[in-house]
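Here is how the chains run, residue by residue.
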Amino acid sequence: MITIRIAESREDKKIADQIVILHHSYLASAKVVGRCLKYLIYFDGRIIGTFWIGSGFKPTPKAILTHFNIGQREYDAIFNQIADNKRFCMCERIPNCGSQILKAVRRRAAADWKQKYGDELRAIVTTIGKTHTGAVYLADNWKAIGETAGLPADRQSVSMKWDSSEEIKIKYAKPTGENKKKILITERL
């Protein structure tokens, strides 16, 4: 049986961070910018993973703006109503468990978001790298809405919060279409 709870204590958050650092397949970092609601996932009483939702990212991919049929300025007004799936990481593989976890998180995410941040949650988006299919999300009926513009594979992303202006100048590169990611969304909360 799957159970999910919010990682509220410092120890719980440390456990969620360690799961990501030790088991995430392509982004083994616990560093996030902005809001972040971390869930611990249990199966038959033992911890098997973590799922995080948090602040979205900017610049906002055109596919997201198109999906909501709005411009960047209008999106900025609802920014805190659209969560980004920051991490979904399992430290144990259990057949068909991933889509069950997504369903369980979806069912409680809006209430948890409202309680923690005071905002209505309209949707959760996620990005999937080229080497992944997003099958677990698609099995939970998430909808593919487009792709990111993509940066060259050898360039790191830029963080307006974490990087200095000098680092931004060094790291910034205009999108080239390389290293695109698929964007998936669920509004069934």
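Residues numbered from 1 in each chain as written. Predicted model: local features only at pLDDT ≥ 70, side-chain atom pairs only at ≥ 80, totals over all residues. Heavy atoms only, no water.

**Side note on the overall build of the protein**
Argument step 1. Scanning the protein from terminus to terminus reveals six helices and seven strands.
Argument step 2. Its helices and strands in sequence order give the protein the pattern β-α-β-β-α-α-β-α-β-α-β-α-β, from N to C terminus.
Argument step 3. Burial status across the protein gives 43% buried among its 189 residues.
Argument step 4. The long-range share in the protein, meaning contacts at least 24 apart out of those at least 6 apart in sequence, stands at 73%.
Argument step 5. Of the roughly 10,800 Å² of accessible surface on the protein, 51% is carried by carbon and sulfur atoms. (Helix = DSSP H or I, 4+ residues; strand = E, 2+ residues; numbered from the N terminus. Buried < 20%, exposed > 50% of the residue type's maximum accessible area, 1.4 Å probe, protein only. Contact = heavy atoms within 4.5 Å. Areas by Shrake-Rupley, 256 points an atom, 1.4 Å probe, with all protein chains shown as cover.)

**Focus: the sheet that holds strand β5 (residues 123-129)**
By way of backbone hydrogen bonds, the strands of a sheet pair with one another, either parallel or antiparallel.
Argument step 1. Strand order in the open sheet formed by seven strands is β1-β2-β3-β4-β5-β7-β6, with mixed pairing between adjacent strands. Since the sheet does not close on itself, it has two edges, and those belong to β1 (2-6) and β6 (143-147), each with one partner. The average undirected angle you get between the axes of adjacent strands in this sheet is 30°.
Argument step 2. By the bridge criterion, five bridges tie β1 to strand β2 (residues 36-43) in an arrangement that is antiparallel. In the sheet register, Ile4 faces β2, and the bridge partner there is Ile41.
Argument step 3. Along the sheet, helix α1 (residues 10-23) makes contact with β1, β2, β3 (46-54) and β4 (82-90), crossing β3 at roughly 95°. (Pairing = 2+ DSSP bridges. Axes fitted to C-alpha atoms, helices over the stretch in contact; angles between N-to-C directions.)

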